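# What the coordinates show
Listed here are the chains, written in short residue letters.
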Amino acid sequence: MTEAIAVAPLTTAPTWRALSDHYAAVKDATLRDLFATDPERAPRFTVEGAGLVLDYSKNRITAETMALLFQLAEERQLAACRDAMFRGDRINTTENRAVLHSALRAPADAVIEVDGRNVVPDVHDVLDRMASFADRVRAGNLIGHTGQPIRNVVNIGIGGSHLGPEMAYLALRPYSARDMRFRFVANVDGAAFTEATHDLDPAETLFVVSSKTFTTQETMSNAHLARQWLIERLGDERAVAKHFVAVSTNAQKVAEFGIDTANMFAFWDWVGGRYSLPSAIGLSTMLAVGPENFRAMLAGFADMDVHFRTAPLQQNLPVILGLLSVWYADFFSVATQAVLPYAQNLARFPAYLQQLQMESCGKSVDLERRRVDFATSAVLWGEPGTDGQHSFYQLLHQGTHLVPADFIGFLQPLSPLAAPHDLLMANLFAQAEGLAFGRTLAEVEASGVSAADAPFRVMEGNRPSNMLLADRLDPRTLGALIALYEHRVFVQGAIWGIGPFDQWGVELGKVLAGKIASELTATSAPDLQHDASTNALIQRYRNARHQS
């Protein structure tokens with residue numbers, strides 16, 4: 001993934017050709033047969049690391065499949081790519097940046113250098129400032145403009161500066177300050193801000209505005225709405241300094257907005273947005289769960305970092321998951337993958353992973369500037385169980401699309417209500433079993449179903465899944481789980497030879513939106529130079545807004 005370790009086109013690799021031949025030989029093998037002929041299959045394909053257990057035995061693989069995939073990883077120099085990332089090399093070559101989200105959770109005595117500077121002390125300095133600030137807020141010692149303590153926090157961001165804090169807050173809500181309220185605003189639709197603030201007392205409300213440059217279009221639109229909302233209700237522009245903090249690196253813009261730069265928390269250009277939760281972007285999460293729990297989450301991230309760096313490929317959870325994603329995308333032509341957490345608190349985890357996966361690996365040009373001739377990222381989606389079972393599982397069991405699934409479960413409940421957890425876990429294990437082994441026509445008929453109705457009850461099975469288990473959804477486990485998927489993305493990028501740390505595809509829409517926004521609000525009819533469809537849509541909107 002750097003010039004020093006550039007690799008040849010993927011489809012010319014010897015192991016790639018061997019995998020193609022192997023796929024032809026095993027593609028029709030069924031999980032029923034694979035389990036029947038190998039009594040040791042489940043333990044053979046179960047690994048543990050960083051507090052997580054991965055059972056990947058219900059995948060359409062054999063020992064030879066995995067051997068070839070591990071050989072492909074070696075051929076594509078995965079270990080060298082991984083080490084370059086952790087070393088601080090500028091592996092984000094399209095933006096000429098290091099990729100060091102791992103430094104955000106490194107212990108204080110670690111040494112991780114970027115351009116000859118150890119960045120770990122800087123990271124811990126920001127963490128300490130965040131912790132001091134969070135302690136003040138949580139203790140009721142941060143006083144607003146009218147003398148009332150802050151009890152409400154509204155996080156304003158977009159992308160990673162929204163999805164990460166919101167997901168983590170919901171996941172760890174049982175560990176949060178229950179006497180405070182936390183809201184999250186990202187969408188530029190004014191309804192998002194209105195609904196987030198409609199029942200809040202501005203005298204008790206703190207806004208956390210997260211934008212590295214403090215110019216992000218959607219974030220700053222919502223930040224200015226918040227500023228106006230606050231001033232109108234408190235009647236004094238000076239209130240902004242008491243009710244806003246910034247997560248940014250642009251001190252000038254922050255000060256111009258009216259925020260005291262002493263309440264600005266920095267992060268660095270070697271932190272990508274979708275990897276930024278462990279940085280100051282996680283300030284609202286720390287305000288919710290407290291510094292101790294936030295540091296426990298960082299420790300979980302670090303646990304998985306160590307596992308990814310040190311575990312052999314054959315026992316390495318991110319490596320295995322990444323290679324399986326490649327196997328299905330490029331040999332089974334799988335275009336979609338489900339993430340199904342059996343934990344209500346992980347309701348936003350699939351949405352968080354959508355950005356992580358698809359913004360990272362949704363690429364069609366490799367790092368050597370060659371257009372790829374193979375599939376890259378699958379479309380990732382999901383909902384928590386058991387809700388999803390009554391929504392889209394019908395397609396998973398009997399639809400025409402093959403959808404590999406990641407099931408995620410926890411042995412201990414977060415809720416004190418233990419009995420429902422038994423039912424939840426029964427459903428989790430049953431769904432994975434049903435997808436894998438299905439129900440044959442003979443089994444359906446033997447259950448007493450009529451011959452006429454039997455075809456509708458047949459489940460062909462052979463639908464692959466992974467099972468991820470942990471003891472409990474606590475802060476440390478959440479950190480390990482997030483880092484697992486971060487590194488899975490890295491593995492896919494290394495195999496495919498693509499850059500998983502830029503997102504140039506996001507930029508085009510921003511540029512076009514900026515131009516169209518001025519045309520929508522122009523006082524006189526603008527000279528529209530778009531295609532016929534876009535011109536007509538703009539005019540229709542202007543007519544509806546009485547601006548023709």
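Residues numbered from 1 in each chain as written. Predicted model: local features only at pLDDT ≥ 70, side-chain atom pairs only at ≥ 80, totals over all residues. Heavy atoms only, no water.

### With respect to the overall build of the protein
A count of helices and strands for the protein gives 22 helices and 13 strands. For the C-alpha atoms alone, the extent of the protein along its principal axes is close to 75 × 60 × 55 Å. The 548 residues of the protein split such that 53% are buried. Pairs at least 24 apart in sequence give 73% of the contacts found in the protein among residues at least 6 apart. (Helix = DSSP H or I, 4+ residues; strand = E, 2+ residues; numbered from the N terminus. Buried < 20%, exposed > 50% of the residue type's maximum accessible area, 1.4 Å probe, protein only. Contact = heavy atoms within 4.5 Å.)

### Examining the environment of Q412
As for its placement among the helices and strands, Q412 is situated in the loop between β12 (405-410) and α17 (418-437). On the basis of relative accessible area, Q412 is assigned to the partly exposed category, the value being 33%. C-alpha separation for the pair Q412 and I498, spaced 86 residues apart in sequence, amounts to 39 Å.

### Some remarks on helix α7 (residues 160-171)
Look at α7: 16 Å from first C-alpha to last across twelve residues, which is about the 16 Å you get at 1.5 Å a residue. The inward-facing, buried residues of α7 contact β5 (152-156), β6 (181-185), β7 (205-210), α12 (283-289), α15 (349-361) and α20 (475-496). (Expected span 1.5 Å × (residues − 1).)

### Details of the sheet that holds strand β9 (residues 264-265)
One open sheet holds the five strands; their spatial order is β6-β5-β7-β8-β9, and the pairing between them is parallel. With partners counted over all chains shown, the strands left at the sheet margins are β6 and β9, one partner each. By the bridge criterion, five bridges tie β5 to β7 in an arrangement that is parallel. The residue bridging I156 from the neighbouring strand is V209, located in β7. Across the sheet, helix α8 (residues 190-197) touches β6 and β7, and the angle it forms with β6 is around 175°. Seen against the sheet, helix α9 (residues 217-234) touches β5, β6, β7 and β8 (244-247) and runs at an angle of roughly 160° to β7. (Pairing = 2+ DSSP bridges. Axes fitted to C-alpha atoms, helices over the stretch in contact; angles between N-to-C directions.)

### Some words on the layout of surface pockets
Approximately 950 Å³ is the volume attributed to the largest pocket. T216, G273, Q503, E507 and K510 are the residues nearest the centre of the largest pocket, which is lined by 36 residues in total. Residue assignment for the lining of the largest pocket shows that the elements contributing at least two residues are α7, α9, α15 and α21 (504-521). The biggest single contributor to the lining of the largest pocket is α21, with four residues. Classifying every residue of the lining of the largest pocket by side-chain character gives eleven nonpolar, 16 polar and nine charged. (1 Å grid on protein atoms, 1.4 Å probe; cavity = no way out; pocket = protein on both sides within 12 Å on 5 of 7 lines; lining within 4 Å. Points joined across faces, edges and corners; volume = space filled by probe spheres on them. Nonpolar A, V, L, I, M, F, W, Y, C, P; charged D, E, K, R; others polar.)

### What to know about the packing of helix α1 (residues 14-26) against helix α14 (residues 317-331)
Between α1 and α14, whose axes approach to 11 Å, the crossing angle comes to 75°. Considered as vectors, α1 and α14 are oriented roughly perpendicular to each other. For the pair formed by α1 and α14, the contact residues are W16, L19, S20, H22, Y23 and V26 on the first element and V326, W327, D330 and F331 on the second. Residues belonging to the contact of α1 with α14 are distributed by class as follows: seven nonpolar, two polar and one charged. (Parallel < 35°, antiparallel > 145°, perpendicular 65-115°, else oblique.)

### Some thoughts on the UniProt feature "active site" (unreviewed entry) in the protein
Under the UniProt annotation, "active site" (unreviewed entry) lies at E359, H390 and K510. Separation in sequence by 152 residues is matched in space for these annotated residues, since their most distant C-alpha atoms are 37.0 Å apart. Of the residues named above, E359 and K510 line the largest pocket. Relative to the elements of secondary structure, E359 occurs in helix α15. Here E359 is in contact with R274, Q354, D502, Q503 and V506, once residues within four sequence places are set aside. Within polar-contact distance, the side chain of E359 engages the side chain of R274 at 2.8 Å. Along the polypeptide, K510 turns up in helix α21. Classification of K510 by relative accessible area gives partly exposed; the value is 40%. (UniProt positions renumbered as here; feature names shortened; annotations may be inferred. Polar contact = N/O pair within 3.5 Å; in protein donor to acceptor, adjacent residues only side chain to side chain.)

### Overview of the state of the cysteines
Taken as a whole and judged by the stated rule, the model has zero disulfides. Free cysteine C81: the closest other cysteine sulfur is in C361, separated by 13 Å. By relative accessible area, C81 is classed as buried at 1%. (Disulfide = S-S within 2.5 Å.)

### Things to note about α1
Here α1 is 13 residues long and its end C-alpha atoms lie 19 Å apart, about the 18 Å a rise of 1.5 Å per residue gives. Looking at the packing, one finds that the buried side of α1 touches α4 (63-75) and α14.

### Points about the pairing of strand β2 (residues 52-55)
Each regular strand carries side chains that alternate between the two faces of the sheet. As defined by bridge partners, strand β1 (residues 46-49) adjoins β2 across four bridges and the pair is classed as antiparallel. By the bridge assignment for β2, E48 is matched with V53. From the end of β1 to the start of β2, which pair antiparallel, there are two residues, and A50 there has a positive phi angle of about 55°. With three bridges joining them, β2 and strand β13 (residues 465-470) adopt antiparallel strand pairing. Its bridge partner being in β13, L54 is matched across the sheet by L468.

### With respect to unusual backbone geometry
The step from G385 to T386 runs through a cis peptide bond, and the omega angle for that step is 15°. Secondary-structure assignment places T386 in the loop between β11 (379-381) and α16 (393-398).

### A few points about empty space enclosed by the protein
One pass over the full model with this rule turns up eight cavities of 30 Å³ or more. There is about 70 Å³ of room inside the second largest cavity. Lining the second largest cavity we find S325, Y328, A329, V334, T336, Q337, Q357, A378, P404, R488 and Q492. The set of elements that each furnish at least two residues to the lining of the second largest cavity consists of α14, β10 (336-341) and α20. The leading source of residues in the lining of the second largest cavity is α14, at three residues. Residues belonging to the lining of the second largest cavity are distributed by class as follows: five nonpolar, five polar and one charged.

### Some remarks on the nonpolar core
Soluble globular proteins tend to pack their nonpolar side chains together in the buried interior. Formed by 126 residues in total, the largest nonpolar core has its most connected members in W270, L287, L346, F349, L478 and Y485. Here this core gets 13 residues from one element, more than from any other, and that element is α20. Within the second largest apolar cluster, 24 residues are counted, among which are I156, F207, V209 and L230. (Core = buried A, V, L, I, M, F, W, Y, C linked by side-chain atoms within 4.5 Å.)

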